[in-house]
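Listed below, chain by chain, are the residues.
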Number of protein chains: 4
Amino acid sequence: MDYVYGPGRNHLFVPGPVNIPDQVLRAMNRNNEDYRSPAIPALTKVLIEDVKKIFKTTSGTPFLFPTTGTGAWESALTNTLSPGDRIVSFLIGQFSLLWIDQQQRLKFNVDVVESEWGQGANLDVLASKIAEDKEHTIKAICIVHNETATGVTNNLATVRKILDHYQHPALYLVDGVSSICALDFRMDEWGIDVALTGSQKALSLPTGMGIVCASPKALEASKTAKSVRVFFDWNDYLRFYKLGTYWPYTPSIQLLYGLRAALDLIFEEGLDNVIARHTRLAKATRLAVEAWGLKNCTQKEEWFSDTVTAVIVPSYIDSSEIVRRAWKRYNLSLGLGLNKVAGKVFRIGHLGNLNELQLLGCLAGVEMVLKDVGYPVKLGSGVAAASAYLQNSTPLIPSRI
Amino acid sequence: MDYVYGPGRNHLFVPGPVNIPDQVLRAMNRNNEDYRSPAIPALTKVLIEDVKKIFKTTSGTPFLFPTTGTGAWESALTNTLSPGDRIVSFLIGQFSLLWIDQQQRLKFNVDVVESEWGQGANLDVLASKIAEDKEHTIKAICIVHNETATGVTNNLATVRKILDHYQHPALYLVDGVSSICALDFRMDEWGIDVALTGSQKALSLPTGMGIVCASPKALEASKTAKSVRVFFDWNDYLRFYKLGTYWPYTPSIQLLYGLRAALDLIFEEGLDNVIARHTRLAKATRLAVEAWGLKNCTQKEEWFSDTVTAVIVPSYIDSSEIVRRAWKRYNLSLGLGLNKVAGKVFRIGHLGNLNELQLLGCLAGVEMVLKDVGYPVKLGSGVAAASAYLQNSTPLIPSRI
Amino acid sequence: MDYVYGPGRNHLFVPGPVNIPDQVLRAMNRNNEDYRSPAIPALTKVLIEDVKKIFKTTSGTPFLFPTTGTGAWESALTNTLSPGDRIVSFLIGQFSLLWIDQQQRLKFNVDVVESEWGQGANLDVLASKIAEDKEHTIKAICIVHNETATGVTNNLATVRKILDHYQHPALYLVDGVSSICALDFRMDEWGIDVALTGSQKALSLPTGMGIVCASPKALEASKTAKSVRVFFDWNDYLRFYKLGTYWPYTPSIQLLYGLRAALDLIFEEGLDNVIARHTRLAKATRLAVEAWGLKNCTQKEEWFSDTVTAVIVPSYIDSSEIVRRAWKRYNLSLGLGLNKVAGKVFRIGHLGNLNELQLLGCLAGVEMVLKDVGYPVKLGSGVAAASAYLQNSTPLIPSRI
Amino acid sequence: MDYVYGPGRNHLFVPGPVNIPDQVLRAMNRNNEDYRSPAIPALTKVLIEDVKKIFKTTSGTPFLFPTTGTGAWESALTNTLSPGDRIVSFLIGQFSLLWIDQQQRLKFNVDVVESEWGQGANLDVLASKIAEDKEHTIKAICIVHNETATGVTNNLATVRKILDHYQHPALYLVDGVSSICALDFRMDEWGIDVALTGSQKALSLPTGMGIVCASPKALEASKTAKSVRVFFDWNDYLRFYKLGTYWPYTPSIQLLYGLRAALDLIFEEGLDNVIARHTRLAKATRLAVEAWGLKNCTQKEEWFSDTVTAVIVPSYIDSSEIVRRAWKRYNLSLGLGLNKVAGKVFRIGHLGNLNELQLLGCLAGVEMVLKDVGYPVKLGSGVAAASAYLQNSTPLIPSRI
């Protein structure tokens, strides 16, 4: 089954699925269980409470769907909106594009605010639209916190400010797939109504759990939302929450224990330290890119993503060749450029359970690949820039002091 | 995390999720991978071909959704039907009930044919309805092959005969969740248009993969079906199949490798031998039930299920107490009675990767529990009956001869 | 690699190596580590303390050798004795025989006290020898607590009484390989000088750790013992204990974490409960043997072993055929008869992390095999006898009450 | 149990135990088995044949002892020599020192040829001794192929040449612990009589298997060798080899399956490619050391080890502080300086299942640590030097071309 075997570890630097910590692998290495025994509801109950912490919410209600981010999107939309509802959505890269595609196919009236790829959501346009919308025809704002295709992070606090400024009641739906547990994310403080993520991103689990968290306002909206839904219906979950059995249909026993282990690691490190680590590794990555003489696809510092860096390659190089070669020669998995930026960028994912030396190994690999494909990089330059920063900023491991 | 620890193995005899073979656990004990590298499409390509074998189809197209059986249902319905479409559906137990509930919530016009719980689908009624439907207002027949709540197996060949007899073009949709890979199932021969199963049943994997297989006629129907769908849309998959990248969104790497290992085990044993083993273990179970002086919830032999046996308890006993006690005293997980038969039956799941002595251990446990709750069972009687049969019918393990 | 694949679980009922609990497998599913980092000594320090509890000693010093029981024997002997030393040793079965063979090859002057296989150590002979030995020429008594080949448990307390009665200073060396953690064992109370076990027995770990525990008197003896030893030398360990680095050479990281998990399970269940469970399962097994009309190889009740039962088969049956067939047809692993009792007995190991229904599955399997080979067993009879007892004596699982 | 948790992977660069490939971890993630069933002998038989390949022998007989390298040493010596036998042994570092200590404690007459630490075995002295020894009082030459403490590789071919030149019949015993499977090693061609290694070194397994391979001449010697031995006695093994049951006592089931997986990986990569990879990674490491302006402990190029590099630190730095800090801040495990070179060198192990980017991550880490402890390294310099070489010399991964 390992017909593409290469010696040593695979260096996994796609922006998801990401490296799973050994502790989580161990926790998941188990047989199935009866999910109707008292054990699984007891486990679930605590998980649901603990999951709130990574959303920074106390009033939200989490749902742990056996699905992916795409399914979590669908759950967020169909539980809160009705076909024909007007929503404002920002197109800034491949994943926001896919979400908009879904919104349109689910028959919403999508008011698309497009930015150049590499830029963040145009919140000025949002402000105008909100300002103009005296009759509250806009039912929801849909925004991707972190656009994984371009490495762009949007300012969620500003969106809330705009809505508050105009006292606009639109629901505020956020894709936090490549941000939650890695970037600063504050569901309650920012008045987010639905936030969602996927297990295989910063939680560092296998794919298969789409986590959706709904504010009281979102739950209220779900009572009147007319979108057809069954598998993704919150109501079925709420009914089983009340019964204390928690699951309308079979969950993955392994992912539940995996989530337990993943949260334990995050809480042991401290969520703020986890976020600081992502900031640190991202900064180091950007310094390396700069040292290589290459450009970040993200056009302004305010949008720099701390979970993924999309690097623009010179026009005479095909970025896909970089990704291919990294995998074929150095067992390094980088992210391809997608859609509009296909061939033009490659991406370094630096999210999840990752440390400094793993990143430096990756950066050293990127340097060699760049040389392989004919880019005149100075070998060691990126690593030097990154490690100069890291050597100054990396804390001691608390458990080892 | 194992706060309900008891010494020794848990004896898992719910009708799903079932025991995972060690070989599959090993195959799944792995880090994430980039699903856009050449490795995962290569793996997927072969899996899709091999999955056809367990459906006994050569013309079908399988889809491996990151979902559960409930999601697989939704995918089967929304890809082939439009809101308002008339469908005939059989209510014979809790799982057919849930599927019908979904059908109704998805806005189909469901013509429910109800049987007493413990009986199979009333195919005479089906025949009349089909006979009368000269104008082909019936767009689909939806039937659960094996009703897990009552241990009833429906006759799928007869459904096809009825449709053929009247040359009726209705789509034929089958829930094979607790049948495929365990009971005789012939998608092509029986002209089934959509068949589906879940990974945690006879495939003996963790929950998280809903496998849907579509006939050419079903694929054709999907082109005009107006049900809203995105996550469960076959079209997105077909587009990626054509591209050779296979995945419109992130699959579970672990489940793919797990499916590979599970299929390898099934093919090594031989699918027909797997089915024969299920027949053998089921027969042994029914002999034990008889020896205990208890009744099978399934009312006629023609409907006896070879994957799950629902056992009726005397009216003075609460079957939930049996399930509770089995778990609390003997580390034995049995299935509860659901809905109409709650408190009246308990269920022994005997599907998936299981052998004779595991079953006999379970039967010995059931005997002790029956005694615990005051039923005057003769200890050893069920085991004696079951083993008399098994000792005559169990073949040598081929690899050890 | 699984070229002898059979569906379902292997039913492992040899008297070692025994079933490993899933919790232990998970704990061991890990990469290597630097054993010179602060982590491993910290782990080791606590392990050494906790290991004392299973020996019921507070004054003993445990050594965790990377070896098997055979190596542990060698360590016990060579650290305390000098070539030519007279030792009294009891020959009652294959394992005591092998230990005696080792003693002789290590050049001790072995005074062998032989009993018929199926009987315990002849302690009357010991008493005479001790009584006569006014000059204390006997340097050590070597006794196997539980002879795994015949299922005979010796009375260790009596040995101590004899020595005390005559105020004889002989060292008291005990092989507790198939007893410690399963049978009542009291190192301090019984004045045992060296006790030893292997990881793959009642501790329910993989093979690879030989645990030797030395009393202060044994440590004292090691200072003058002239037997040549290096790998098995306690002194090297003691030196590293003092340094706080604990390991004179590389330990198995996985077994250390595994031991941690194994001890955690034992302490959670409670050592006395673990022993009571062994008593219960053994009693059930003996009742089954009786019900089958077969004889226990152990000739008197006082010697009945609670970890392994050797069953005598009628002379017209070859017990090896039973073991072979159990494995080939039912995926059941039983113990062969060894040496003098080869072909005459088969053995059921009932030690380690095991519960009632696992045992009953095994007993049901043995019944079928007996029938297979032509013994006129009444199917179900053994299971009936065993479960009648177990249904009366099995406690609720404490964590589930 | 992971009380020293730090985020991300541990970077394990001690010269053993080394990183275990995931494929091997998976293969070992399994329950115990009856080692007397037909499965384990069948597995063992093939393993013994395949193990010969890594020793490059066809005439040798391998023994897979449940022990460590220290035990393998003892087995090599006690099976071939008698107390009082004169042996020539080379003291060039901590591990040769420990072996010599063992030789002396086993009562051999050890003729120690000492070199400065950092130099190889003085083969000129050997030549003189052999030349002078007309009466063949020298019974064996004992040499460590690769001294792990100083990173010195001895020239084994020369030893053979010297013996042949003088037609000296001394046995030729080689510690290949940190060489076999990583360095060029030719048991038959070089006329080695006993070669040995440990599982946790280049085989990339957990600790617990000491592999000893004996030439026909060594087997012959074992018939008359008078050293006392039981656990480590080849004879017991040979007896069971003949019986076809292979094991005189219980082996670790998990290590047997692990060895199978480890050999599969080595054979898939190709043993010569494995060795070439070690050469490549070692060369890269030495280039980094040079770029840092530091000195290799190994004094001449002819002795450079391709499995471990000992780096001399400036006198104002304590190398232990480097090792401590690497672990505490960067989750990097380096080797301490031992004995004479304690505090003076730190060691980078680059053996086993390892690739280029893993090494570069380590080198980047070492640079940061050097800076941390006050050495004026130019960050990125070592990585630059190493990757300039690697970018030119690393082949494509064959399975991915």
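Residues numbered from 1 in each chain as written. Chains lettered and ligands numbered in written order. Predicted model: local features only at pLDDT ≥ 70, side-chain atom pairs only at ≥ 80, totals over all residues. Heavy atoms only, no water.

1. With respect to the pattern of salt bridges
Close approach of charged atoms lets side chains of opposite charge pair. Within the structure shown, the criterion is met by 107 salt bridges over all chains. Arg-280 of chain C is the partner of Glu-356 of chain C in a salt bridge, and the nearest nitrogen-oxygen pair spans 2.7 Å. Of the two residues, Glu-356 of chain C sits in helix H12 (residues 356-372) while Arg-280 of chain C sits in helix H10 (residues 271-291), which places them 76 residues apart along the sequence. For the residue pair Glu-356 of chain C and Arg-280 of chain C, the accessibility class agrees, reading buried in each case. Between Arg-286 of chain D and Asp-306 of chain D there is a salt bridge; the shortest N-O distance is 3.1 Å. In this pair, Arg-286 of chain D is assigned in helix H10 (residues 271-291) and Asp-306 of chain D in the loop between strand S11 (295-296) and strand S12 (308-312), connecting sequence segments 20 residues apart. (Salt bridge = Lys/Arg side-chain N within 4 Å of Asp/Glu carboxyl O. Helix = DSSP H or I, 4+ residues; strand = E, 2+ residues; numbered from the N terminus. Buried < 20%, exposed > 50% of the residue type's maximum accessible area, 1.4 Å probe, protein only.)

2. Notes on the relation of the copies chain A and chain D
The transformation that overlays chain A on chain D combines an axial shift of 0.0 Å with a rotation of 180°, and the residual RMSD is 0.0 Å. The two molecules are tied by a two-fold rotation axis, judged by turn and shift. Relative to the rotation axis, the C-alpha of Gly-361 of chain A is the closest in chain A, positioned 1.9 Å from it. Of the residues that chain A buries at the interface, 100% are likewise interface residues in chain D, meaning the two copies contact each other through the same surface. (Least-squares fit on C-alpha atoms with pLDDT ≥ 70 in both. Contact = heavy atoms within 4.5 Å.)

3. Brief notes about the relation of the copies chain A and chain C
Rotating chain A by 180° about the axis while translating it 0.0 Å along that axis superimposes it on chain C, leaving an RMSD of 0.0 Å. Taken as a fraction of all interface residues of chain A, those also at the interface in chain C reach 100%, which identifies the copy contact as same-surface.

4. Some remarks on the sheet that holds strand S5 (residues 138-144) of chain A
Residues and elements named next belong to chain A. Pairing in this open sheet of seven strands is mixed, and the strands run S2-S10-S9-S8-S5-S3-S4 from one edge to the other. Unpaired on one side and paired on the other, strand S2 (61-65) and strand S4 (109-114) mark the two borders of the sheet. Taking the axes of each pair of neighbouring strands and ignoring which way they run, one obtains an average angle of 20° across the sheet. As paired strands, S2 and strand S10 (residues 210-214) are joined by five bridges and run antiparallel to one another. If you follow Phe-65 over to S10, its bridge partner there is Gly-210. Running at roughly 110° to S2, helix H8 (residues 234-243) makes contact with S2, strand S9 (194-198) and S10 of the sheet. (Pairing = 2+ DSSP bridges. Axes fitted to C-alpha atoms, helices over the stretch in contact; angles between N-to-C directions.)

5. Some thoughts on the interface of chain A and chain D
Chain A puts 54 residues into the contact, and the matching count from chain D is 54 residues. Interface area lost by chain A to chain D is led by Tyr-5, Leu-357 and Arg-400 of chain A, which between them contribute 18%. There are two salt bridges connecting chain A and chain D. Notably, a salt bridge pairs Asp-22 of chain A with Arg-9 of chain D, separated by 3.5 Å at the nearest N-O pair. Where chain A touches chain D, the interface holds 32 residue pairs in polar contact (both at pLDDT 80 or more). Looking at the side of chain A that touches chain D, the elements with two or more residues in it are helix H1 (22-28), helix H9 (253-269), helix H11 (319-330), helix H12 (356-372) and helix H13 (381-393) of chain A. The element contributing the most residues to the side of chain A that touches chain D is H12 of chain A, with nine residues. (Buried area = accessible area lost by both parts, 1.4 Å probe. Polar contact = N/O pair within 3.5 Å; in protein donor to acceptor, adjacent residues only side chain to side chain.)

6. Overview of the side chain of Ser-305 of chain A
All names here are of chain A. Locating Ser-305 in the fold gives a position in the loop between strand S11 (295-296) and strand S12 (308-312). A distance of 3.0 Å separates a polar atom in the side chain of Ser-305 from the backbone nitrogen of Thr-307. In contact with Ser-305, other than residues within four places in its own chain, are Asn-146, Gly-151, Val-152, Thr-153, Ala-282, Arg-286 and His-350.

7. Focus on the interface of chain A and chain C
Listed per partner, the contact involves five residues of chain A and five residues of chain C. A combined buried area of about 520 Å² lies between chain A and chain C, and 39% of that area is made up of carbon and sulfur atoms. Of all residues in chain A, the largest losses of buried area upon contact with chain C belong to Arg-26, Asn-29 and Arg-30 of chain A, amounting jointly to 83% of the total for that side. Counting across the chain A and chain C interface gives zero salt bridges. Linking chain A with chain C are two residue pairs in polar contact (both at pLDDT 80 or more). For the side of chain A that touches chain C, the per-class residue count stands at two nonpolar, one polar and two charged. (Nonpolar A, V, L, I, M, F, W, Y, C, P; charged D, E, K, R; others polar.)

8. Structural notes on the UniProt feature "binding site: substrate" (unreviewed entry) in chain A
Residue and element names in this part refer to chain A. Following the UniProt record, the feature "binding site: substrate" (unreviewed entry) maps to Arg-347 here. Relative to the helices and strands, Arg-347 resides in strand S14 (residues 345-349). Contacts of Arg-347, omitting those with residues within four sequence positions, involve Phe-13, Pro-15, Phe-95, Thr-148, Ala-149, Val-308, Thr-309, Ala-310, Leu-334, Gly-335, Leu-336 and Leu-338. Here the side chain of Arg-347 touches Thr-148 through a polar contact of 2.8 Å, landing on its backbone oxygen. (UniProt positions renumbered as here; feature names shortened; annotations may be inferred.)

9. Some thoughts on the packing of aromatic side chains
Applying the stated rule across the entire model yields 66 aromatic pairs over all chains. Aromatic pair Phe-63 of chain B and Tyr-241 of chain B: ring centres 5.8 Å apart, planes at 20°, arrangement stacked. A residue pair is termed long-range when its members are at least 10 positions apart, and Phe-63 of chain B in strand S2 (residues 61-65) and Tyr-241 of chain B in helix H8 (residues 234-243) qualify at 178 residues. Taking the centre distance of 6.1 Å and the plane angle of 75° together, the rings of Tyr-237 of chain C and Trp-247 of chain C count as edge-to-face. Separated by 10 residues along the polypeptide, Tyr-237 of chain C in helix H8 (residues 234-243) and Trp-247 of chain C in the loop between H8 and helix H9 (253-269) bring together distant segments of the chain. We classify Tyr-237 of chain C as buried; its relative accessible area is 1%. Assessed through its relative accessible area of 2%, Trp-247 of chain C is described here as buried. (Phe/Tyr/Trp six-rings, centres within 6.5 Å; stacked < 30°, edge-to-face > 60°.)

10. Section: unusual backbone geometry
Along the chain, Gly-16 of chain B connects to Pro-17 of chain B via a cis peptide bond; the corresponding omega equals 0°. Within the secondary structure, Pro-17 of chain B sits in the loop between strand S1 (11-13) and helix H1 (22-28). A positive phi angle, near 55°, is found at Asn-331 of chain A, a position not held by glycine. Mapped onto the secondary structure, Asn-331 of chain A falls in the loop between H11 and strand S13 (332-333).

11. Quick look at the environment of Leu-123 of chain D
Residue placement: Leu-123 of chain D occurs in helix H5 (residues 123-132). Look past the residues within four positions of Leu-123 of chain D in its chain and what remains in contact with it is Phe-90, Ile-143, Asn-155, Thr-158, Val-159 and Ile-162 of chain D.

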